Amino acid sequence: MSVPSLPSFDVREIPFSRRGSWMNLSPVIGLHRRVRDVHLVSHLTGMHAVLRLSLRRDGSSVDAETSADPSTLSWLVGGEVVASAVFASSDVVRLRGAGADLVLADAAEELTPFTGSYFFREPRDGSWVFTSYETGRRYRISVLTGSASAEGEEALGQSVRAVTVSGADGWEVAVEQIETAAPAFTSLETFAEVAQRVTEEFEEYLAAVGGWRSDDTPAVALAAYVLWSATVAPAGFVTRESVLMSKHWMDKVWSWDHTFNALALAPGAPELALDQFLAPFDHQDAAGAMPDSITHSEVLYNFVKPPIHGWALTRLRERLGRPLDRVELETVYARLARWSRFWLDSRTVAGRALPYYQHGNDSGWDNSTTFDHDRVIEAPDLAAFLAVQLDVVADLADELGLDDASHWRDERDRVEQALLTELRDDDGFFAVGALSRARSKRTSLLNLLPVLASPRLPGEVVDTLADGIAAHLTEWGPATQRVDTEEYESDGYWRGPIWAPSTMLIEEGLRRGGRDGLADTISERFRALCERSGFAENFDALTGEGLRDRAYTWTASVYLVFAHDHVERRRAARATGEADVEARV
């Protein structure tokens, strides 16, 4: 095997950060907003560009290219490195350079009573400090070598606020994110030693989550970096070490995204994987509902997400590097039971068996064509997910020696029977308006997600689902909307593009239903898509182009799960002398 340990990446696509930090360096400073200069961005209280970093020579701005790996971000002029950055810790960035001056400027350039950064010189140690209204933190700049000058100290209102660092023999500064006060910055490590330490930390992480990688899974190291760099320490409402969906603008943990990250981490980082699975459950409300999303300074309950957590727990236990102990089993049982009761009690009309979504956001498929006629619908994916989850809860009750397993199985059978009799005809599954009783459109991939329950579905039903999935398949994978329909949009969010979670749920259902050939094809095409176009939020189904946020962790996680499963299947086939049935498509 000749795969490199440290992947390189474009900071315009993937933020430069490190495990544990709520900060990153990137020219992406807002929703679909990319600027020329790299900025120090904080994700405390939301995504906020705090400092703009630029280079100057003889008073004039310098155009520089950037290059990055997990340890170091570099600025190059004419192919020569003139400045570099490294995360010394979760709250400290060190920068050094020679051949160009570094300007660290307030990104907002306007101070109001509620926005912007106040800038001053600290008398106690001579450092410069930007205090940010947006993040509620201070950003202290300490000069380690070289000299510095400032503009806009103590200015109010509209003003340039900046520190310029220079030095004939080079310069180095430390930028710290602090609260009210902290001891003066000191370090016994050189910049090179810090970079080496970070390299070793990432390599240790990569060995844990991707030590199984091979030459035909070439994007594993970059996928691992996307996860590692998007991981934040517990803070605010985030009660556990958690993987954000991105350190671009999608800087939250949504209550289904987290399960895919847990699955990717499970074999090599079981404790971190369990934290990913449980984090949103820490905020279940009185009705048992999970929040729509959590992040540092908010927990949102205006929507929910689909109950894929029973399936995810089963898959997690299959992949986890150790068994769950009694306390952990009791914890997940209690939380899954409450989550299931929410759907049965608070999202099912009295006298009916099928739960309903109140909006496309509840399904995670915000604008799927399944919701075109009605927003409040009884949907086949929801019924299938809940039936699978109820089955898992029943099995947990048996495992724990509880006496309510039969109750959960009765609920499962009721939902499952209604799925087959009320949301299906000879042409397949559909949704119905919970109030209107009108049938939905059928050309969204969402209507085929009952395949996840394939082990409990009649064979002819699974065959129909598999045929429907094949009709969605493009060169790159399953489009979320049939490409031959008038509703298809190449960048239409859930009305066309390929997404990681839907791809994984489809592949998983097919495989569990014995349709390995189609499952293999989907796995191969999605892996090839990520290896070509990176780990975007979603992808153009026809061209394979990455769309929206370009550093999305659930995409990286699904790639890691598919790649790991592929490697394991090949190893098993070789060990038994069987032919390798998987081939590049």
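Just above sits the structure.
Scoring rules and cut-offs
- Sequence order as written defines the numbering, with residues in each chain counted from 1.
- Given that this is a predicted model, residues contribute local features only at a pLDDT of at least 70 and side-chain atom pairs are listed and counted only at 80 or more, while totals for whole chains, interfaces and linings are drawn from all residues.
- To get the side-chain values, take all heavy atoms of the structure and skip hydrogens and water.
- Salt bridge, as used here, is a side-chain nitrogen of Lys or Arg placed within 4 Å of a carboxyl oxygen of Asp or Glu.
- By the criteria applied, helices consist of DSSP H or I runs no shorter than four residues and strands consist of E runs no shorter than two, each listed in order from the N terminus.
- Each residue's exposure class comes from its accessible area (1.4 Å probe, protein chains only) as a fraction of the maximum for that residue type: buried when under 20%, exposed when over 50%, partly exposed otherwise.
- Note: two strands are recorded as paired if DSSP finds a minimum of 2 bridges between them.
- A pair of Phe, Tyr and Trp rings is counted when the ring centres sit within 6.5 Å of each other, with Trp represented by its six-membered ring. The angle between the planes then sorts it: under 30 degrees is stacked, over 60 is edge-to-face, the rest tilted.
- Put simply, a charge is over a ring when the Lys NZ or the Arg CZ is close to the ring centre, within 6 Å, and near the line of the ring normal, within 35 degrees.
- As used in this record, nonpolar core signifies buried Ala, Val, Leu, Ile, Met, Phe, Trp, Tyr and Cys residues forming a set joined through side-chain atoms within 4.5 Å.
- Residue contacts are counted whenever heavy atoms from the two residues lie within 4.5 Å of one another.
- Positive residues here are Lys and Arg, negative ones are Asp and Glu, while His and the chain termini are left out of the count.
- Under the rule applied, a polar contact is a pair of N or O atoms within 3.5 Å (in protein, one hydrogen donor and one hydrogen acceptor; residues adjacent in sequence only if both atoms are side-chain atoms).
- Comment: axis = line fitted to C-alpha atoms, over the contacting stretch for helices; angle = value between 0 and 180 degrees taken between N-to-C directions.

1. Examining the pattern of salt bridges
No. 1: Enumeration over the complete set of coordinates arrives at 57 salt bridges.
No. 2: Between Asp-282 and Arg-240 there is a salt bridge, and its shortest N-O distance comes to 2.8 Å. In this pair, Asp-282 is assigned in the loop between helix H4 (270-278) and strand E21 (293-295) and Arg-240 in the loop between strand E18 (231-232) and strand E19 (242-243), connecting sequence segments 42 residues apart.
No. 3: In this structure, Asp-413 engages Arg-412 in a salt bridge whose closest nitrogen and oxygen atoms are separated by 2.9 Å.
No. 4: Judged by relative accessible area, which is 36%, Asp-413 ranks as partly exposed.
No. 5: Salt bridges linked by common partners bring Arg-315, Glu-318, Arg-319, Glu-508, Arg-512 and Asp-565 together as one network.

2. Looking at the pairing of strand E2 (residues 33-42)
No. 1: Alignment of strand E1 (residues 23-30) against E2, held across six bridges, turns out to be antiparallel. Paired with Leu-25 across the bridge in E2 is Leu-40.
No. 2: Counting the residues between successive antiparallel strands, the hairpin from E1 to E2 contains two residues, one of them, His-32, with a positive phi of roughly 55°.
No. 3: As judged from the five bridges shared by E2 and strand E3 (residues 48-57), these two strands associate in the antiparallel manner.

3. Considerations on the packing of aromatic side chains
No. 1: Per the stated rule, a full pass over the model turns up 26 aromatic pairs.
No. 2: Arranged with centres 6.4 Å apart and planes meeting at 90°, the rings of Phe-526 and Phe-539 form a pair that is edge-to-face. Linking Phe-526 in helix H12 (residues 516-533) with Phe-539 in strand E27 (residues 538-539), this pair joins segments that are 13 residues apart in sequence.
No. 3: Using a relative accessible area of 0% as the deciding quantity, one classes Phe-539 as buried.
No. 4: What links up through ring pairs into an aromatic cluster is the set Trp-256, Phe-260, Trp-311, Trp-365, Tyr-493, Trp-494, Trp-499, Tyr-552 and Trp-554.
No. 5: Taking the ring centre of Trp-128 as reference, the NZ or CZ of Arg-121 above it sits at 3.9 Å.

4. Overview of the sheet that holds E21
No. 1: Spatial strand order, E20-E21-E22: three strands in an open sheet with antiparallel pairing. A single partner strand is all that each edge strand has here, and the edge strands are strand E20 (253-254) and strand E22 (298-300).

5. A closer look at the nonpolar core
No. 1: If you look at the biggest cluster of nonpolar residues, it comprises 180 residues, and the most contacted ones within it are Leu-25, Trp-75, Leu-95, Trp-311 and Leu-316.
No. 2: Once residues within four sequence positions are removed from consideration, Leu-316 is found in contact with Ala-262, Leu-263, Ala-266, Ala-273, Leu-274 and Phe-277.
No. 3: Of all hydrophobic cores here, the second largest spans nine residues; its members include Trp-22, Val-232, Val-253 and Ile-294.

6. Observations regarding the side chain of Asp-374
No. 1: With respect to the element layout, Asp-374 can be found in the loop between helix H7 (360-363) and strand E23 (377-378).
No. 2: The buried charged residue Asp-374 lacks any salt bridge, with Arg-375 as its nearest oppositely charged partner at 7.5 Å.
No. 3: Reaching out from Asp-374, the side chain makes a polar contact with the side chain of Ser-436 at a distance of 3.0 Å.
No. 4: The residues touching Asp-374, leaving out its near neighbours within four places in the chain, are Gly-433, Ser-436 and Ala-438.

7. Brief notes about the environment of Ala-174
No. 1: Relative to the assigned elements, Ala-174 resides in strand E17 (residues 171-178).
No. 2: Ala-174 sits 285 residues away from Gly-459 along the chain, and the two C-alpha atoms are 63 Å apart.
No. 3: Excluding residues that lie within four positions of it along the chain, Ala-174 makes contacts with Val-92, Val-93, Arg-94, Arg-140, Ile-141, Ser-142, Leu-144 and Phe-185.

8. Details of the environment of Leu-265
No. 1: If you trace the backbone, Leu-265 turns up in helix H3 (residues 257-265).
No. 2: Each C-alpha atom, one on Leu-265 and one on Leu-227, is 9.1 Å from the other, the two residues being 38 residues apart in sequence.
No. 3: If we ignore the near neighbours within four places in the chain, the residues touching Leu-265 are Tyr-205, Val-209, Leu-227, Val-243, Pro-270, Leu-272, Ala-273 and Gln-276.

9. Details of the environment of Tyr-133
No. 1: With respect to the element layout, Tyr-133 can be found in the loop between strand E12 (128-132) and strand E13 (138-145).
No. 2: By relative accessible area, which is 45% here, Tyr-133 ends up partly exposed.
No. 3: Sequence spacing of Tyr-133 and Ser-117 is 16 residues, and the spatial spacing of their C-alpha atoms is 6.2 Å.
No. 4: Every residue in contact with Tyr-133, bar those within four places of it in the chain, is listed here: Leu-111, Thr-112, Pro-113, Phe-114, Thr-115 and Gly-116.
No. 5: In this structure the side chain of Tyr-133 is engaged in a polar contact, spanning 3.5 Å, whose partner is the backbone oxygen of Pro-113.

10. Digging into the sheet that holds E12
Strands in a sheet are paired, the pairing made by backbone hydrogen bonds, and the direction either parallel or antiparallel.
No. 1: Read from one edge to the other, the open sheet built from eight strands follows the order E5-E6-E7-E8-E17-E13-E12-E11, with strand pairing classed as antiparallel. Strands with a single pairing partner mark the edges of an open sheet, and in this sheet they are strand E5 (65-68) and strand E11 (117-121). Along the sheet, successive strands turn relative to each other by an average axial angle of 20°, direction set aside.
No. 2: Across four bridges, the pairing between E5 and strand E6 (residues 73-77) is antiparallel. Looking at E6, one finds that Glu-65 is bridged to Leu-76.

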